[in-house]
Amino acid sequence: MAMDRLDQSLAIAIKGYAWLPDLRRRHQGRPVALRLLGRRAIAIGGPAAARFFYDAANVERHDAIPGPVLDTLFGRGAVHTLDGRQHDLRKALFTALLMGDGVETLAKLVGVSFDEAADRWRGAGEISLFDETAVVISDAVTLWCGVRENERDRNALARDMISMIDGFATAGPRHARARLARRRREHRLAELMEEVRREDPSPCALSAIAHHMADGYLLDARTAAVELINIIRPATAMTWLVAFAAHAMELRPETRAKIADSDEYAAAFVHEVRRFYPFAPFLAGRAARDLYFQHTDIPRGTELLLDVYGQHHDPRVWPEPYEFRPERFLRRPIGEFELIPQGGGDPRTGHRCPGEQITIAVLGTLVQRLARLEYYLPPQDLSIDITRIPARVRSGPRIVVP
Ligand code: HEM
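Think of each chain on its own: its residues are numbered from 1, step by step along the sequence as written. Thresholds applied to this predicted model are a pLDDT of at least 70 for local features of residues and 80 or more for the giving and counting of side-chain atom pairs; totals over whole chains, interfaces and linings are not thresholded and use all residues. Only hydrogens and water are set aside when side-chain values are computed; all heavy atoms of the structure are taken into account.

The protein chain carries the name Cytochrome P450 in an unreviewed UniProt entry, which gives Paractinoplanes globisporus as its organism. Under the heading Cofactor (unreviewed entry), UniProt records this for the protein chain: "heme". UniProt positions are given in the numbering used here, feature names are shortened, and annotations may be inferred rather than shown by experiment.

So, in structure tokens, the structure goes:
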């Protein structure tokens, strides 16, 4: 088996999204053994690897996610860290909330929130599309969840959600901000959970999580808060993809009219944004037993890294992967393990993101609104630094709505 002996933590810090794809290319795409944060790991990638990774008999999640990532991005005790029956019970809560009729309702609320914001942007000079979109989405999703906050708090809530994501993969001030944001929000929402438990259950996400029972027990209020944040935070994370969508429309202006005119093209454009731009770099799990994959022994307990960004830029899966071409998704079924920005396999039974339908619906709504909005980008730095995780368009981008 290919082996890279040095601990790779520093290499990630320097190379960012290019780290794992580079390493795997140097080993001809075979599984690569490495060390990460002192742990033994094996990196794999490609649709067959995604299928293997999403077989729950092969890969477990408890202990797979490093503490600093739990203390910022996901929260202690989150659904992401559960296995087996505990995961099934918790996951059923999320799929019931996120994969039913609520998808269209949330997409409509986000659309209304965007229209109201666009009215404020008109004539207001340069605005940061990133910062504004974060508030547009977090406003709509908190309303949809049944959480009411006054305006000042709503802006602070959006900022905290962004901080948790922005600082999970780095040391220093960004990471400190992320920890603080999580502590503050868990504390506030745990108090809210206690209040809601004194009221009768209602169908919104806040109440459903507050009253959720597993094996006859309620979640402790802090874990309930963690799971409510696991709806509001990733929904607000769609801000990154809206900024990337605006970036793509600016550099490929011919896409704009097609997005505006055709739902089908808008959906293809959204998929291409999710494939092309850097967001989740890789996913981590642990070998649940002694495994064998692509001529490689994987001892039980080994950390497994699934190379998401590498798979989306592999020419064997996506011809000319560095071309941004929404057309590749027109009239074409997408394999369960092929396009994996939100994980692979069945979201109801495995760890695949239960918010993927929401992501596709909300982004479809927002990119069409953006394509139809009259705006321009003043001169600015549109580069994307892929050594920064999560990557961002350097300037935001900033837009002017005349
Ligand atoms: C920017 C868009 C999004 C991206 C890129 C994204 C990505 C992901 C990824 C990579 C995973 C982990 C899969 C795994 O561990 O195997 C995940 C899980 C999850 N996502 Fe998303 N997601 C997005 C939007 C959403 C939304 C909108 C929601 C909720 C409204 C959501 C809720 C969740 C939850 C609860 C999990 C945990 C699932 C589990 O462990 O069973 N995500 N997402």
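A. The arrangement of the packing of aromatic side chains in detail. Between 30 and 60 degrees the pair is tilted, below 30 it is stacked and above 60 it is edge-to-face, where a pair is any two Phe, Tyr or Trp rings, Trp via its six-membered ring, whose centres lie within 6.5 Å. Counted according to the given criterion, the structure contains 13 aromatic pairs. Aromatic side chains Phe114 and Trp121 sit 5.3 Å apart centroid to centroid with 85° between the ring planes, which places their arrangement in the edge-to-face category. In this pair, the class of Phe114 matches that of Trp121, namely buried. One aromatic cluster is present, built from ring pairs that chain together Phe244, Phe269, Phe276, Tyr277 and Phe324. The cut-offs for exposure are 20% and 50% of the maximum accessible area for each residue type, with area from a 1.4 Å probe on protein chains only; residues under the lower value are buried, those over the upper are exposed, and the others partly exposed.

B. Broad picture of the site of the ligand. A molecule or strand has a residue near it when one of that residue's heavy atoms lies within 4 Å. Around the ligand, 25 residues are found, and the nearest of them are Tyr54, Arg61, His87, His351 and Cys353. Within the side chain of Tyr54, an N or O atom sits 2.4 Å from an oxygen atom of the ligand. At 2.7 Å from an oxygen atom of the ligand is found a side-chain nitrogen or oxygen belonging to His87. Of all the elements in the fold, those that place two or more residues in the shell around the ligand are helix H5 (84–98) and helix H11 (221–251). Within 3.5 Å is the distance limit for a polar contact, defined as a pair of N or O atoms, with the added protein rule that one can donate a hydrogen and the other accept it, and that residues adjacent in sequence qualify only through two side-chain atoms. Numbering goes from the N terminus for both helices and strands, where a helix is a DSSP run of H or I of at least four residues and a strand is a run of E of at least two.

C. View of the state of the cysteines. In plain terms, two cysteine sulfur atoms within 2.5 Å form what is called a disulfide here. Per the stated rule, a full pass over the model turns up zero disulfides. In this model Cys145 remains outside any disulfide bridge; the closest cysteine sulfur is found in Cys204, 7.8 Å from its own.

D. Quick peek at the coordination of the iron atom of the ligand. A donor here means an N, O or S atom no more than 2.8 Å from the metal, or no more than 3.2 Å when the metal is Na, K or Ca. Since water is not included, a site may seem to lack partners. Of all protein atoms, just one serves as a donor to the iron atom of the ligand, and that atom is Cys353 (SG), at 2.3 Å. Topologically, Cys353 is positioned in the loop between helix H14 (308–312) and helix H15 (356–372).

E. Molecular detail of the pattern of salt bridges. Salt bridges are identified by distance alone: a Lys or Arg side-chain nitrogen within 4 Å of an Asp or Glu carboxyl oxygen. Within this structure, the stated rule accounts for 32 salt bridges. For Arg39, the salt bridge is made with Glu303, and the minimal N-O distance between the two is 2.8 Å. With Arg39 in strand S3 (residues 39–44) and Glu303 in strand S11 (residues 303–307), this pair connects stretches of sequence that are 264 residues apart. Between Glu186 and Arg222 there is a salt bridge; the shortest N-O distance is 3.0 Å. One end of the pair, Glu186, is in helix H9 (residues 173–197); the other, Arg222, is in helix H11, and 36 residues separate them in sequence. Among the residues examined, Glu186 registers a relative accessible area of 8% and is labelled buried. Given the relative accessible area of 38%, Arg222 is considered partly exposed.

F. How the structure looks around the nonpolar core. With 112 residues, the main nonpolar core has Trp121, Ile231 and Phe269 as its most contacted residues. The element contributing the most residues to this core is H11, with 20 residues. For Trp121, the contacting residues outside a window of four places in its chain are Phe114, Ile127, Leu129, Glu132, Val136, Leu373, Ile399 and Val401. Throughout this description, the term nonpolar core refers to a set of buried Ala, Val, Leu, Ile, Met, Phe, Trp, Tyr and Cys residues connected via side-chain atoms within 4.5 Å. Counting residues in hydrophobic clusters, the runner-up holds 18 residues, among them Ala33, Phe53, Leu291 and Leu304. Contact criterion: two residues are considered in contact whenever any of their non-hydrogen atoms come within 4.5 Å of each other.

G. Highlighting the pairing of S11. With respect to burial, S11 is a largely interior element, five of its five residues being buried. A two-sided burial pattern is seen for S11, the buried positions comprising Glu303, Leu305 and Asp307 on one face and Leu304 and Leu306 on the other. Note: S3 against S11, four bridges, orientation parallel. In the strand pairing of S11, Ile42 is matched with Leu304. Inspection of the sheet shows strand S8 (residues 282–287) paired to S11 by five bridges, in the antiparallel sense. Across the sheet, the residue bridging to Gly285 is Leu304, located in S11. Strands are labelled as partners when DSSP assigns at least two bridges between them.

H. Structural view of the packing of helix H6 (residues 102–121) against H15. Structural elements are reduced to axes, namely lines fitted to C-alpha atoms, with helices fitted over the stretch in contact, and the angle between N-to-C directions of any two is expressed from 0 to 180 degrees. As a packed pair, H6 and H15 sit with axes 9 Å apart at the nearest point and diverge in direction by 30°. Relative to H15, the element H6 lies roughly parallel. The crossing of H6 and H15 is right-handed. Here H6 contributes Val103, Glu104, Leu106, Ala107, Val110, Gly111, Val112, Phe114 and Asp115 to the contact with H15, which in turn contributes Gln357, Ile358, Ala361, Val362, Thr365, Leu366, Arg369 and Leu370. An angle counts as roughly parallel when it lies under 35 degrees, as roughly antiparallel when it exceeds 145, as roughly perpendicular when it falls between 65 and 115, and as oblique in every other case. Crossings are assigned a handedness: left-handed for a near helix turned anticlockwise from the far helix by less than a right angle, right-handed for a clockwise turn.

I. Quick peek at helix H2 (residues 19–26). Of the residues making up H2, those classed as buried are Trp19, Leu20, Pro21, Leu23 and Arg24. The first or second residue beyond H2 is Gln28, which carries a positive phi of 50°.

J. How the structure looks around a negative patch on the surface. A cluster of acidic residues, Glu191, Glu194, Glu195, Glu199 and Asp200, forms a negative patch at the surface. Relative to the elements of secondary structure, Glu191 occurs in helix H9. Accessibility expressed as a relative area gives 42% for Glu191, which makes it partly exposed. Patch definition: residues with relative accessible area over 30% and no salt bridge; like charges joined within 9 Å; nonpolar side chains (Val, Leu, Ile, Met, Phe, Trp, Tyr) joined within 5 Å. Here, Shrake-Rupley sampling with a 1.4 Å probe gives the accessible areas, and only protein chains in the shown set may cover a residue. Residues counted as positive are Lys and Arg, residues counted as negative are Asp and Glu, and His and the chain ends are not counted. For the purpose of locating charges, the reference atoms are NZ of Lys, CZ of Arg, CG of Asp and CD of Glu.

K. Representation of unusual backbone geometry. In the segment running from Ile389 into Pro390, the intervening peptide bond is cis, with an omega of -5°. Relative to the assigned elements, Pro390 resides in the loop between H15 and strand S12 (398–400). Geometrically, the link from Gly396 to Pro397 is a cis peptide bond, its omega value of -5° lying close to zero. Position of Pro397 among the secondary structure elements: in the loop between H15 and S12. In this model, Leu37 sits at a positive phi of 50°, which is unusual for a non-glycine residue. Position of Leu37 relative to the elements: it lies in the loop between strand S2 (32–36) and S3. Despite not being glycine, Glu320 shows a phi value in the positive range, around 45°.

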